[in-house]
Amino acid sequence: MILETFPVGLLQCNCSVLGDPATKEAIVVDPGGDVEKVLAALARHGLRCRAILNTHTHIDHVGANDALRQATGAEVMLHAADLPLYDNLRIQSEWMGGMLPPPPRSPVDQELDHGDVVRAGGLAAEVLHTPGHTPGSLCFHVPGAEPLLLSGDTLFAGSIGRTDLWGGDYEQELASIRNRLLALEPHTRVIPGHGPQTTLERERRSNPFLVGL
Ligand SMILES: [Zn+2]
Ligand SMILES: [Zn+2]
């Protein structure tokens, strides 16, 4: 699998490009606010973007959805419970004192739910519904010999996502982590929505929020 992760936008959201080296089809997770950077990564590997997945619809994760959709024809996919956030990007911008201007809201081509599988060539990303940070928060699991988890703002290296914004729920977030994430193989590599990568094993051992789960 081709995998490239890089920070995009003012809040340094981790965008990941996952590609099938045989068919050259790709999935982009959280294109953040920098479509040029995403298009450059796709071009570098000769990839065609088929699907744009959002772990959730906070403004720092969805900024380039519309531009990337228009440039590639890829389908935008997210969980319906995050539509109230997606429909109010202007209000989200105001929460941040206008630091991030509201991006255009793309159409949503497909609503994702727990258990769905998004395919691009031979790639298969399993959809895990992990509400807590937002009601429609998703994690994407790519099984295999080197399993991968794109954990959005649900789980970070050494921390978890904040739950004090609209729709956040701390208990629900802990339940999502316990029931959906810690059920995966311990050696699963984790790429969070912000900051450094980790593994489930390491977080279970050392993340203070996961003690006792
Ligand atoms: Zn967020
Ligand atoms: Zn974020």
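Cut-offs applied
- Residues numbered from 1 in each chain as written.
- Chains lettered and ligands numbered in written order.
- Predicted model: local features only at pLDDT ≥ 70, side-chain atom pairs only at ≥ 80, totals over all residues.
- Heavy atoms only, no water.
- 1 Å grid on protein atoms, 1.4 Å probe; cavity = no way out; pocket = protein on both sides within 12 Å on 5 of 7 lines; lining within 4 Å.
- Points joined across faces, edges and corners; volume = space filled by probe spheres on them.
- Helix = DSSP H or I, 4+ residues; strand = E, 2+ residues; numbered from the N terminus.
- Nonpolar A, V, L, I, M, F, W, Y, C, P; charged D, E, K, R; others polar.
- Patch = residues over 30% accessible without salt bridge, like charges linked within 9 Å, V, L, I, M, F, W, Y side chains within 5 Å.
- Areas by Shrake-Rupley, 256 points an atom, 1.4 Å probe, with all protein chains shown as cover.
- Salt bridge = Lys/Arg side-chain N within 4 Å of Asp/Glu carboxyl O.
- Pairing = 2+ DSSP bridges.
- Donors = N, O, S within 2.8 Å, 3.2 Å for Na, K, Ca; no water.
- Tetrahedral: all angles 85-135°; square planar, octahedral: opposite > 155°, others 65-115°.
- Buried < 20%, exposed > 50% of the residue type's maximum accessible area, 1.4 Å probe, protein only.
- Contact = heavy atoms within 4.5 Å.
- Axes fitted to C-alpha atoms, helices over the stretch in contact; angles between N-to-C directions.

Attention now goes to empty space enclosed by the protein. A full pass over the atoms with the stated rule returns 1 cavity of 30 Å³ or more. Computed from the structure, the largest cavity encloses a volume of approximately 50 Å³. What lines the largest cavity is Asn14, Ser16, Val29, Asp30, Thr55, Leu150, Ser151, Gly152, Ile191, Pro192 and Gly193. Looking at the lining of the largest cavity, the elements with two or more residues in it are strand E2 (13–19), strand E10 (148–152) and strand E13 (189–192). For the lining of the largest cavity, the leading source of residues is E10, giving 3 residues. In terms of residue class, the lining of the largest cavity is built from 4 nonpolar, 6 polar and 1 charged.

On the surface, a nonpolar cluster with roughly 270 Å² of combined accessible area is contributed by Leu10, Leu11 and Met99. Inspection of the secondary structure puts Leu10 in the loop between strand E1 (2–8) and E2.

The next thing to look at is the sheet that holds strand E9 (residues 138–142). Spatially, 6 strands are ordered E7-E8-E9-E10-E13-E14 in an open sheet, and the strand pairing comes out mixed. The open sheet terminates on both sides in strands that have one partner only, identified here as strand E7 (117–120) and strand E14 (198–199). As paired strands, E13 and E14 are joined by 2 bridges and run antiparallel to one another. Directly across from Arg189, in E14, lies its bridge partner Thr199.

Moving on, we get to the coordination of the zinc ion (ligand 1). Summarising the metal site, the zinc ion (ligand 1) is bound by the protein donors His56 (NE2), His58 (ND1), His133 (NE2) and Asp153 (OD), whose distances to it range over 2.1 to 2.4 Å. The site at the zinc ion (ligand 1) holds 4 donor atoms, and with the angles between them running 90 to 170°, its shape is irregular. Donor residues binding the zinc ion (ligand 1) come from one chain and are separated in sequence as H-x1-H-x74-H-x19-D. A separation of 3.4 Å is found between the zinc ion (ligand 1) and the zinc ion (ligand 2), which are bridged by Asp153. Here the residue His133 occupies a position in the loop between strand E8 (123–129) and E9, and Asp153 occupies one in the loop between E10 and strand E11 (155–156), the gap between them amounting to 20 residues. For Asp153, a relative accessible area of 7% gives the class buried.

Our next topic: the coordination of the zinc ion (ligand 2). Each pair of donors in an ideal four-coordinate tetrahedral metal site encloses 109.5 degrees, whereas pairs in an ideal six-coordinate octahedral site enclose 90 or 180 degrees. Those protein atoms acting as donors to the zinc ion (ligand 2) are Asp60 (OD), His61 (NE2), Asp153 (OD) and His194 (NE2), and they sit at 2.1 to 2.6 Å. The motif formed by the donor residues of the zinc ion (ligand 2), counted along the single chain, is D-H-x91-D-x40-H.

Sheets are built from strands paired through backbone hydrogen bonds, the pairs being either parallel or antiparallel. One open sheet accounts for 6 strands, arranged E1-E2-E3-E4-E5-E6; its pairing is mixed. Taken across any chain shown, the strands that pair with only one partner, and hence form the sheet edges, are E1 and strand E6 (110–111). Where E2 meets strand E3 (residues 25–29), 4 bridges bridge the pair, whose relative direction is antiparallel. Counted as the bridge partner of Leu18 is Ile27 from E3. Against the sheet, helix H1 (residues 35–44) touches E1, E2, E3 and strand E4 (48–53), its axis set at about 160° to E1. Where helix H3 (residues 65–72) meets the sheet, it contacts E3, E4 and strand E5 (75–78), and its direction lies at approximately 150° from that of E4.

None of the figures reported here should be taken as evidence of function without further support.
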